[in-house]
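Residues per chain, in single letters:
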Amino acid sequence: MKILVIGGAGYIGSHAVKELVNSHDIVVYDNLDTGHKEFVDKKAVFVQGDLSDNEKLNNVFNEYNIDAVMHFANYASVAESVKYPDRYFNNNVVNGLNLLNAMIKNDVKKIIFSSSCAIYGIPNEIPISESSKLNPINPYGETKLMFERILRYFDTAYGLKSISLRYFNVAGASPDLIIGEKHENETHLIPLIFDTILGKKDHVKIYGDDYDTYDGTCIRDYIHVLDIAKAHSMALEYLNNNMQTKSYNIGIGQGYSVKEVIELCKNITGREIKTIIDKRREGDPPVLVANPERFKKDAGWKEEFNIKDMIKHAWEWHKKIN
């Protein structure tokens, strides 16, 4: 198959491309706003472009005879989305519609979408199943839910089939250290811990220690970026075989608090980590833990890595780039 990977130079997208090039022809379309061209596997074709550029987008579909799309090109910071909701709705929804319209125009009817556990908001059950109430509490989660709903309407109207993968907290790096997590303005906990260890930051901020959790800090389900990449490959295979629009949770079903993650990083790196307690961030649910059993059953997927693997691989990567 010839797959167009939107945002394939970013953290998760580049790992998916690394997985996909072994069995598919890959075209990466990325504006390099937050992505890195050097992360794109050499076996893939790279086109620099933005989803707001309808002409260029259509030309890519025409030139490369695309069979399916994987869409990673979303802004993904909860805090930033609260501060700049317009930026998030423009990119994650309006630009996403440009992509879907180009797909319909070029008769491409299969897409794997990077969704998020943020669509659940403060969940009504733990672990969270796909049937849990959808109630996002920040603009980022709202944009993900809006796009999932748009995909279902496009299925009804145009026969466009999709699988939305609702990620929990993605971490880790490729063990060969070719690619990993590299953001100009980092917001993810594990890289921020390593920035502190490596002297780039003075301390790690813990946003709230008064949540209704066992140690007062937020609890999250962490999943290795390579397991996410594998999930995309298997989701596409499942979509090819079944042609049904569905949504799935992608996590490991185990939660770790902020304090636990910091302690694990201390133990694995052998370094001390200075922390300070800050106020809660707007839009942060206390607990997000997945029930991933539906995707495991339907697609045969299973995670290969645990949180210690994620931290070890990420630590080796951050030492390399710093």
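Just above sits the structure.
This section reports on the structure supplied with the text. (Residues numbered from 1 in each chain as written. Predicted model: local features only at pLDDT ≥ 70, side-chain atom pairs only at ≥ 80, totals over all residues. Heavy atoms only, no water.)

### Thoughts on the overall build of the chain
Scanning the chain from terminus to terminus reveals 10 helices and 13 strands. A globule of 322 residues ought to have a C-alpha radius of gyration of about 20 Å, and the chain, at 19 Å, matches this closely. By its C-alpha atoms, the chain is 55 × 40 × 40 Å across when sized along the principal axes. With 322 residues in all, the chain has 57% of them scored as buried. Just so you have it, the chain exposes about 14000 Å², and 45% of that area is on carbon and sulfur atoms. Between the mean site of the 39 positive side-chain charges and the mean site of the 44 negative ones, the chain shows a separation of 1 Å. (Helix = DSSP H or I, 4+ residues; strand = E, 2+ residues; numbered from the N terminus. Rg over C-alpha atoms; globule rule 2.2 N^0.38 Å. Buried < 20%, exposed > 50% of the residue type's maximum accessible area, 1.4 Å probe, protein only. Areas by Shrake-Rupley, 256 points an atom, 1.4 Å probe, with all protein chains shown as cover. Lys, Arg positive; Asp, Glu negative; His and termini not counted. Charge placed at Lys NZ, Arg CZ, Asp CG, Glu CD.)

### Digging into the packing of helix α6 (residues 189-197) against helix α10 (residues 307-321)
At their nearest, the axes of α6 and α10 sit 10 Å apart, and the two run at 45° to each other. The orientation of α6 with respect to α10, classified from their angle, is oblique. Crossing geometry of α6 relative to α10 is assigned as right-handed. Note on element contacts: α10 touches α6 through Ile 311, Ala 314, Trp 315 and His 318, opposite Ile 190, Pro 191, Phe 194, Asp 195 and Ile 197. Here the contact of α6 with α10 is composed, by residue class, of seven nonpolar, one polar and one charged. (Axes fitted to C-alpha atoms, helices over the stretch in contact; angles between N-to-C directions. Parallel < 35°, antiparallel > 145°, perpendicular 65-115°, else oblique. Left-handed = near helix turned anticlockwise from the far one by under 90°. Contact = heavy atoms within 4.5 Å. Nonpolar A, V, L, I, M, F, W, Y, C, P; charged D, E, K, R; others polar.)

### Observations concerning the packing of aromatic side chains
Evaluated as defined, the whole model comprises nine aromatic pairs. When the centroid spacing of 6.2 Å and the interplanar angle of 85° are considered together, the rings of Tyr 238 and Tyr 248 count as edge-to-face. You can see Tyr 238 sitting in helix α7 (residues 225-242) and its partner Tyr 248 sitting in strand β10 (residues 246-250), a full 10 residues away along the chain. The two residues Tyr 238 and Tyr 248 agree in class, both being buried. (Phe/Tyr/Trp six-rings, centres within 6.5 Å; stacked < 30°, edge-to-face > 60°.)

### Here's the deal with the pairing of strand β2 (residues 25-30)
Across the six residues that make up β2, a large majority, five, are buried. Relative to β2, strand β1 (residues 2-6) runs parallel, the two sharing five bridges. Looking across to β2, one finds that Ile 3 is bridged to Ile 26. With four bridges joining them, β2 and strand β3 (residues 45-48) adopt parallel strand pairing. Within β3, the residue paired with Val 28 across the bridge is Phe 46. (Pairing = 2+ DSSP bridges.)

### Section: the side chain of Thr 143
Among the structural elements, Thr 143 can be located in helix α5 (residues 139-158). Within the structure, Thr 143 has its side chain in polar contact with the backbone oxygen of Tyr 140 (distance 2.7 Å). Contact partners of Thr 143, with chain neighbours within four places excluded, come to Tyr 88, Phe 89, Asn 92 and Val 93. (Polar contact = N/O pair within 3.5 Å; in protein donor to acceptor, adjacent residues only side chain to side chain.)

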